[in-house]
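# A closer look at the structure
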Amino acid sequence: MPKEKEGSPAAMNRTAVERKSDRELVVTRTFDAPAHIVFEAWSKPELFKRWWIPKSAGMSLVSCDMDIRTGGAYRLVFRHPAFDQPMTFFGTYREVTPHKRLVWTNEESDQGAVTTVTLEESAGKTLVTLHELYPTKAARDEAIAGSAEGLPEQFAQLDELLAGGE
Amino acid sequence: MRSWVIGLQITHACFTVNHMVHYQARLDTTFAALSDVTRRGVLEQLGSSDASITDLAQRFHMTLTGMKKHVSVLEQAGLVTTEKVGRVRTCKLGLRRLEEEAAWIERHRQLWSARFDALDKIVEQLKRKEKADAQRKRR
C-alpha cells in the first residue's frame, strides 16, 4: 500500500477500507464539518456530481437523476472514452434519514450489494461509514471477478501502482 | 524444487491479509496450512498442474479421505480452490482469487479515497459559505 506523506490532507483524513466478512466491505472517513453539510453534498445532485466521479477516472457523468427520499429511485449514466456504450448504475433508496443515514440498492446487477451510509457527528466533525453488503459470498466473489475484467482502464493504473507499492 | 511457488503463495497471502481485518486469524490459517509436509507437497504439485483429489491421493500414497482433509485445510486458507465437475473434484492454486480480492479491496480504497478527497473540498466550501452567510445575517 502506498504510504501518504505525514501532514498531507490524505494522512489526516484517511479513507480506510475494511473487509468485514465474506459479504461485507466497510469504508470510513472523517470530515471536518457537521453532518448536515456532508449530507447536503451527498443529496444535492449538483453537488454530488462534483465528487462522485474521480477526475482521474476519465469518465463523465452523462445524466444524474436522484429522487432522494425513502422509496425514491436513482439513475446515473456514465461514459468512458474507451467504451462505446454508456454505463448505467441504478437502484432505489431504501432509507433516507436527513443528516444521518442513506441506504440504497445497486440494481444494475441482479446480485448487487446494498449500500448503507451512516453519518455520525461529534464535536463538529462527521464520521462517514459506508457499508456494502452483498446478498451472498458468491455475489461478492462475482463482483470481484467482474471488477477485475469489466472496469475501465483507469484501474490498470491502479494495478501498476499496487504492484509497485508493496 | 518448486519452493518458489510456496514462497509466492506466502508473499501473496501476506499481501492479501494486509488489507484485511482478520489479519491475525487469516495468517494463522495460512501458516497452519503450510505447516504440513504433505500440504506443501500438494501446493508444489498444483504449481505445475491442476489435479484431481484422486490424482493427489495416489501421488502422495494416501487415502481419498486423508487427501480430502488436506485439500480442505488448504482451501480454507485460500491457498487452493476446488471445482467439482461431474464426479471429479479438481484442485488448483488459489493464488489468482487471493490476488483478485486484494486488488479489489485496493481498488475500493483508491476509488473512495479519490471520491472522499473531492467531497472534502466541497464540504469545506459549503462550510465556509455557511459561516459567511451566518455572519452576514448577524450584521
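Up top you'll find the structure we're talking about.
Residues numbered from 1 in each chain as written. Chains lettered and ligands numbered in written order. Predicted model: local features only at pLDDT ≥ 70, side-chain atom pairs only at ≥ 80, totals over all residues.

## Some thoughts on the sheet that holds strand β3 (residues 88-93) of chain B
Residues and elements named next belong to chain B. Taken together, three strands build an open sheet; the order of strands is β1-β3-β2 and the sheet is antiparallel. The strands lining the two open edges of the sheet, one partner per strand, are β1 (51-52) and β2 (80-85). Of the strands in this sheet, β1, β2 and β3 are in contact with helix α3 (residues 37-48), which crosses β3 at around 90°. Here helix α5 (residues 64-76) sits on the sheet and contacts β2 and β3; the angle it forms with β2, its principal contact strand, is near 120°. (Pairing = 2+ DSSP bridges. Helix = DSSP H or I, 4+ residues; strand = E, 2+ residues; numbered from the N terminus. Contact = placed C-beta atoms within 7 Å. Axes fitted to C-alpha atoms, helices over the stretch in contact; angles between N-to-C directions.)

## Description of the environment of B:Thr54
Tracing the sequence through the fold places B:Thr54 in helix α4 (residues 53-59). Once the C-alpha coordinates of B:Thr54 and B:Thr90 are considered, the two residues, 36 residues apart in sequence, prove to be 9.1 Å apart.

## A word on the sheet that holds strand β3 (residues 60-66) of chain A
Residue and element names in this part refer to chain A. In space, the eight strands of this open sheet follow the order β1-β2-β8-β7-β6-β5-β4-β3, with antiparallel pairing throughout. In the strand order of this sheet, the two ends are held by β1 (16-21) and β3, each with one partner. Taking each pair of neighbouring strands and ignoring which way they run, the sheet shows an average axis angle of 20°. Where strand β5 (residues 87-97) meets strand β6 (residues 101-105), four bridges bridge the pair, whose relative direction is antiparallel. Paired with Val96 across the two strands is Leu102, which belongs to β6. Where helix α2 (residues 35-43) meets the sheet, its contacts fall on β2 (24-31), β6, β7 (114-122) and β8 (125-133), and the angle it forms with β7 comes to roughly 150°.

## Considerations on unusual backbone geometry
A negative phi holds for most residues other than glycine; trans holds for most peptide bonds. Unusually for a residue other than glycine, A:His99 sits at a positive phi of about 70°. Within the secondary structure, A:His99 is located in the loop between β5 and β6. Notably, B:His61 is not glycine yet its phi reads approximately 50°, a positive angle. Mapped onto the secondary structure, B:His61 falls in the loop between α4 and α5. Judged by the 9 C-beta atoms lying within 10 Å of it, B:His61 is exposed. (Buried ≥ 20, exposed ≤ 12 C-beta atoms within 10 Å, placed from the backbone.)

## Points about the nonpolar core
A:Val38, A:Ala41, A:Trp42, B:Leu119 and B:Val123 are the most contacted members of the largest nonpolar core, which has 26 residues in total. Contacts of A:Val38, omitting those with residues within four sequence positions, involve A:Phe31, A:Ala33, A:Leu119, A:Thr126, A:Val128 and B:Val123. Counting residues in each nonpolar core, the second largest holds 14 residues, with B:Ala33, B:Leu74, B:Ala77 and B:Val80 among its members. (Core = buried A, V, L, I, M, F, W, Y, C linked by C-beta atoms within 7 Å.)

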